[in-house]
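# Structural overview for review
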Amino acid sequence: MKILNLGSLNIDYVYRVDKFILPGETKSSISLNKNCGGKGLNQSIAAAKAGNEVYHAAYLGKDGQMLKDEMAANGVNVDMIKEHEETSGHAIIQVDDNGQNCILLYGGTNQCLTKEFIDETLDSLGNEGLVLLQNETNLVGYIIEKAAEKGLQVALNAAPMNDKVLSYPLDKLSWLIVNEVEGKQIAGCESDDEILDVLKKKYPNCKILLTLGSKGACCYADGKLYTIGCHKVKAVDTTAAGDTFTGYFLYGVLNGYAIEEALRLATTASAICVGRNGAAASVPLKSEVDEIIKNKTFGVLDITVE
């Protein structure tokens with residue numbers, strides 16, 4: 001099944017630091033790398049590396065050719081990317097000695113989508129496929145409405161979370177993908193344990209994927225709750241781990257995997273990702289993921305079904 005990602009594209013400026021910078025502080029970084037990134041780009045590359053047929057649609061500034069080239073080199077169809085006079089989106093990323101990151105975004109061309117561009121792009125997909133979205137572009141609510149009208153599956157990764165997400169027609173999603181922070185904000189609850197109970201009542205027709213970082217992930221689908229832990233690996237850079245999880249999980253559910261096996265595939269792929277520097281460059285190939293699962297290199301995680 002085709003995946004159409006109407007998603008963000010960012011140039012990432014990654015600064016390695018011992019500790020995150022504090023208010024009023026000036027400090028030197030250990031290193032600087034310029035990488036391809038954006039949740040949209042990362043998820044398109046992850047989905048393509050997993051084996052999906054992926055089309056990416058976006059506007060791109062004249063400074064962003066490296067982003068288009070990177071996706072094309074990783075098997076993403078970039079024919080729907082159009083040049084725009086605005087500067088491309090970019091991110092200022094700090095990565096500390098523990099592999100954690102903090103990110104400052106500038107939307108740029110990611111915030112320049114038009115309804116005409118969206119309509120044209122959705123028409124080109126036809127009436128079969130999945131539309132993948134993140135909250136780094138404008139007109140997300142409009143895309144959900146129009147894609148649902150066409151009978152397309154829609155998956156939204158509600159990140160980065162803000163109040164706009166609460167205005168989107170989330171009840172029309174096929175998949176809502178959130179981490180524990182985003183999930184609590186959408187559900188309006190205080191505890192991680194409450195997230196799925198609240199969300200499945202608010203959006204009964206929507207499947208929910210909840211990632212919990214080092215605690216693993218949960219999935220609610222077709223009346224069942226699936227839970228998996230997390231592989232214990234040394235984290236070098238967690239920047240694209242969630243996007244890798246999303247791309248690989250969608251590959252699983254769109255290609256006939258049981259939910260348990262889709263979770264196992266995604267968990268293994270993200271464990272490989274956090275052991276590498278960079279965003280898109282850290283996403284593994286499916287052959288690598290399959291080999292690690294086959295050889296039980298990271299061990300075997302239990303999956304519970306309720």
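Figured I'd write up the structure that's included with this text.

What counts, and at which threshold
Residues numbered from 1 in each chain as written. Predicted model: local features only at pLDDT ≥ 70, side-chain atom pairs only at ≥ 80, totals over all residues. Heavy atoms only, no water. Helix = DSSP H or I, 4+ residues; strand = E, 2+ residues; numbered from the N terminus. Buried < 20%, exposed > 50% of the residue type's maximum accessible area, 1.4 Å probe, protein only. Contact = heavy atoms within 4.5 Å. Salt bridge = Lys/Arg side-chain N within 4 Å of Asp/Glu carboxyl O. Axes fitted to C-alpha atoms, helices over the stretch in contact; angles between N-to-C directions. Parallel < 35°, antiparallel > 145°, perpendicular 65-115°, else oblique. Left-handed = near helix turned anticlockwise from the far one by under 90°. Nonpolar A, V, L, I, M, F, W, Y, C, P; charged D, E, K, R; others polar. Core = buried A, V, L, I, M, F, W, Y, C linked by side-chain atoms within 4.5 Å. Pairing = 2+ DSSP bridges.

## Side note on the environment of Lys215
Examined against the element boundaries, Lys215 turns out to sit in the loop between strand 11 (207-211) and strand 12 (217-221). You can call Lys215 exposed: its relative accessible area is 59%. The spatial distance from the C-alpha of Lys215 to the C-alpha of Ile228 is 8.4 Å, given a sequence separation of 13 residues. Discounting residues that sit within four places of it in the chain, Lys215 has contacts with Asp192, Ile228, Gly229 and Cys230.

## Side note on the pattern of salt bridges
One pass over the structure, following the stated rule, counts twelve salt bridges. With a closest N to O distance of 3.8 Å, Glu149 and Lys146 form a salt bridge. Of this pair, Glu149 and Lys146 are both found in helix 4 (residues 140-149), three residues apart, which corresponds to roughly one turn of the helix. What makes Glu149 exposed here is its relative accessible area of 59%. Using a relative accessible area of 28% as the deciding quantity, one classes Lys146 as partly exposed. Ionic pairing is found between Glu288 and Arg276, a salt bridge with its closest N-O pair at 2.4 Å. Of this pair, Glu288 sits in helix 10 (residues 286-295) while Arg276 sits in the loop between helix 9 (259-274) and helix 10; the two residues are twelve residues apart in sequence, bridging distant segments of the chain. Judged by relative accessible area, Glu288 falls into the partly exposed class, the value being 27%. A relative accessible area of 28% places Arg276 in the partly exposed class. The network of salt bridges with shared partners includes Lys184, Asp192 and Lys215.

## Some remarks on the packing of helix 8 (residues 241-254) against helix 9
Viewed as axis vectors pointing N to C, helix 8 and helix 9 meet at an angle of 150°, and their least axial separation amounts to 8 Å. Between helix 8 and helix 9, the crossing angle belongs to the class labelled roughly antiparallel. Of the two elements, helix 8 crosses helix 9, and the hand of that crossing is right-handed. Taking contact as the criterion, the partners of Ala241, Thr244, Phe245, Tyr248, Phe249, Tyr251, Gly252 and Val253 in helix 8 are, on helix 9, Ile259, Ala262, Leu263, Leu265, Ala266, Thr267, Ala269, Ser270, Cys273 and Val274. For the contact of helix 8 with helix 9, a count of residues per class yields 14 nonpolar, four polar and no charged.

## Examining the packing of helix 6 (residues 180-187) against helix 7 (residues 195-202)
Running from N to C, helix 6 and helix 7 cross one another at 50°; their axes reach a closest spacing of 9 Å. For the element pair helix 6 / helix 7, the angle class is oblique. The hand of the helix 6/helix 7 crossing is left-handed. The segment helix 6 lies against helix 7, with Glu180, Gly183, Lys184, Ile186 and Ala187 engaging Ile195, Val198, Leu199 and Lys202. The residue inventory of the contact of helix 6 with helix 7, partitioned by class, reads five nonpolar, one polar and three charged.

## What about the nonpolar core?
The nonpolar side chains of a soluble globular protein tend to be buried, and buried together. Cys219, Phe249 and Leu263 are the most contacted members of the largest nonpolar core, which totals 47 residues. By residue number, the principal contributor to this core is helix 9, which donates seven residues. Look past the residues within four positions of Leu263 in its chain and what remains in contact with it is Leu209, Cys219, Tyr226, Ile228, Phe245 and Phe249. Ranked by size, the runner-up nonpolar core spans 43 residues in total, among them Leu4, Leu152, Ile186 and Cys218.

## Description of the pairing of strand 12
Counting buried residues in strand 12 gives five out of five residues, a clear majority hidden from the surface. The side-chain alternation of strand 12 yields two buried faces, one formed by Ala217, Cys219 and Ala221 and the other by Cys218 and Tyr220. Note that strand 11 and strand 12 share four bridges and pair antiparallel. Bridging from a neighbouring strand, Ile208 pairs with Tyr220 of strand 12. The hairpin turn running from strand 11 into strand 12, its antiparallel successor, is five residues long, and Gly213 in that turn takes a positive phi close to 60°. Of the pairings in the sheet, the one linking strand 12 to strand 13 (residues 224-228) comprises five bridges and is antiparallel in character. Bridge pairing in strand 13 links Ala217 to Ile228. Connecting strand 12 to the antiparallel partner strand 13 that follows it, the hairpin turn spans two residues, and Asp222 within it adopts a positive phi of roughly 55°.

## A word on helix 4
For helix 4, the complete set of buried residues consists of Val140, Gly141, Tyr142, Ile143, Ile144 and Ala147. Downstream of helix 4 by one or two residues, Gly151 has phi in the positive range, about 80°.

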